Amino acid sequence: MFYLQNSLTPLAVRAGLTVANKKSLFQNLASLSKQAHGVDPHAVLDRLMERERLGSTGFGSGIAIPHGKIEGLTKVIAICLRLARPIDFEAIDDLPVDLVFMLLSPADGGAEHLKALAAVSRMMRDKEFVAKLRGAATDDALYALLNSQEMVTAA
Amino acid sequence: MAVRLTTKLFINALMRRATSLGGHVTVLAHGDDSAGGLLLICLEKGQLSAVLERSTDAQGRMVWRPSFDQLIENKDKLLESLQKRAAQDSDLWQVELDIADAERFAADFIAEG
């Protein structure tokens, strides 16, 4: 069972963030990982870039789920961003991305990582919920949506 | 009660989904059609990214468990180990999946199961 609430904090959610491109997005994710979760931003940036070199983590439908495993984490952590303007992400459907859900797991947490990926993927397939995420005007509104009771996600 | 697909039907469904998304699936070892285990060898653009074994959790839900983690960086040893597993367990399927973000694809596929 993956509980999204355990992986998110209010500081890990941003609505309306402006980034120029994928590299700038990853730098922001790294910086927010430090602010929200106290994780080394250099390790996060390296991991995200390394994972992306392997292939795009664009999920389709304007959503990306960058993810990876890094040393030193004790649990799965998440960052959720709604971008002010979509950016190119070389996604599978070529659509630009405006919703980003980053997941990082402990280096030895392979099974947990897969559960978290499954849970977030399932959540992002719910078109009604995704529309609500896109409509969330503030960080608080976005956090409240993600933290709502029905988002206790089994996987 | 949830209906559990046979292994062959599960693999066929996985093949259809992967192919529809531009991925490629190759059966390396053909196991038991109905109840064989499954090792999914995940590649991205031909580069090995993970080996996942289909399993069940304490609640009886289907899950993937990472397997051969320590051999991901050593393809020759991994292939040797996979061949040993195949020799020890003739019911085990070994399937190679090459698709963008293969781990997420596999996790997503089983979650929809």
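Up top is the structure these notes are about.
Every value quoted in this text rests on a predicted model; they were computed, and no experiment measured them.

Secondary structure summary: chain B contains three helices and five strands in total. When the elements of chain B are put in sequence order from the N terminus, they spell out α-β-β-β-β-α-β-α. Taking 113 residues into account, the globule formula puts the C-alpha radius of gyration at 13 Å, and chain B, at 13 Å, falls close to it. The principal-axis extent of the C-alpha atoms belonging to chain B is close to 40 × 30 × 25 Å. Per-residue burial for chain B yields a buried fraction of 46% across its 113 residues. Long-range pairs, those at least 24 residues apart, make up 67% of the contacts in chain B with a sequence separation of at least 6. When the accessible area of chain B is evaluated, it comes to approximately 6,000 Å², of which 50% is carbon and sulfur surface. Across chain B, 13 positive and 17 negative side-chain charges occur, with their mean positions spaced 3 Å apart.

This part covers the sheet that holds strand β5 (residues 93-98) of chain B. All names here are of chain B. Taking strand neighbours across the sheet as the criterion, the five strands line up as β1-β5-β2-β3-β4 in an open arrangement whose pairing is mixed. A single partner strand is all that each edge strand has here, and the edge strands are β1 (24-29) and β4 (62-66). Across the sheet, the axes of successive neighbouring strands diverge by a mean angle of 30°, strand direction being ignored. Bridge count for strand β2 (residues 38-44) against strand β3 (residues 47-56) is six bridges, and the pairing is antiparallel. Looking at the pairing, Glu44 lines up with Gln47 of β3.

On to the environment of Lys75(A). All names here are of chain A. Here Lys75 shows up in the loop between β5 (67-70) and β6 (77-87). For Lys75, a relative accessible area of 43% corresponds to the partly exposed category. Only 2.6 Å separates the side chain of Lys75 from the backbone oxygen of Asn6, close enough to count as a polar contact.

Right, let's get into the interface of chain B and chain A. Tallying the contact residues gives 19 residues for chain B and 24 residues for chain A. Together, the buried faces of chain B and chain A total about 1,800 Å²; carbon and sulfur atoms form 56% of this surface. By the criterion of area lost to chain A, the three top residues of chain B are Asp101(B), Glu103(B) and Arg104(B), representing 28% of everything that side buries. Where chain B meets chain A, there are four salt bridges. Lys69(A) is the partner of Glu103(B) in a salt bridge, and the nearest nitrogen-oxygen pair spans 3.7 Å. Applying the counting rule to chain B against chain A returns four residue pairs in polar contact (both at pLDDT 80 or more). For the side of chain B that touches chain A, the element with the highest residue contribution is helix α3 (residues 102-112) of chain B, accounting for six residues. Considering only residue class, the side of chain B that touches chain A consists of eight nonpolar, two polar and nine charged.

We now examine the nonpolar core. A general tendency of soluble globular proteins is for nonpolar side chains to be buried together. In this structure, Leu25(A), Phe101(A), Leu103(A), Leu146(A) and Trp64(B) are the most contacted members of the largest nonpolar core, which totals 79 residues. When residues in this core are grouped by element, the largest group, eight residues, is from helix α3 (residues 110-124) of chain A. Those residues in contact with Trp64(B), other than ones at most four positions away along the chain, are Ala111(A), Leu114(A), Phe10(B), Leu14(B), Leu38(B), Leu40(B), Leu52(B), Glu53(B), Arg54(B), Ala106(B), Ala107(B) and Ile110(B). Val51(B), Leu71(B), Ile72(B) and Leu92(B) belong to the second-largest nonpolar core, a separate cluster that totals 11 residues.

Before going further, it helps to spend a moment on the environment of Glu53(B). All names here are of chain B. Turning to its location among the elements, Glu53 is positioned in strand β3. Overall, Glu53 belongs to the partly exposed group, its relative accessible area being 22%. Sequence separation between Glu53 and Arg65 is 12 residues, and the spatial gap between their C-alpha atoms is 5.1 Å. In this structure, Glu53 is in contact with Leu38, Leu39, Val63, Trp64, Arg65, Ser67, Arg85 and Leu92, ignoring residues within four places of it in sequence. Within the structure, Glu53 has its side chain in polar contact with the side chain of Arg85 (distance 3.0 Å).

Criteria and cut-off values
Residues numbered from 1 in each chain as written. Chains lettered and ligands numbered in written order. Predicted model: local features only at pLDDT ≥ 70, side-chain atom pairs only at ≥ 80, totals over all residues. Heavy atoms only, no water. Helix = DSSP H or I, 4+ residues; strand = E, 2+ residues; numbered from the N terminus. Rg over C-alpha atoms; globule rule 2.2 N^0.38 Å. Buried < 20%, exposed > 50% of the residue type's maximum accessible area, 1.4 Å probe, protein only. Contact = heavy atoms within 4.5 Å. Areas by Shrake-Rupley, 256 points an atom, 1.4 Å probe, with all protein chains shown as cover. Lys, Arg positive; Asp, Glu negative; His and termini not counted. Charge placed at Lys NZ, Arg CZ, Asp CG, Glu CD. Pairing = 2+ DSSP bridges. Axes fitted to C-alpha atoms, helices over the stretch in contact; angles between N-to-C directions. Polar contact = N/O pair within 3.5 Å; in protein donor to acceptor, adjacent residues only side chain to side chain. Buried area = accessible area lost by both parts, 1.4 Å probe. Salt bridge = Lys/Arg side-chain N within 4 Å of Asp/Glu carboxyl O. Nonpolar A, V, L, I, M, F, W, Y, C, P; charged D, E, K, R; others polar. Core = buried A, V, L, I, M, F, W, Y, C linked by side-chain atoms within 4.5 Å.

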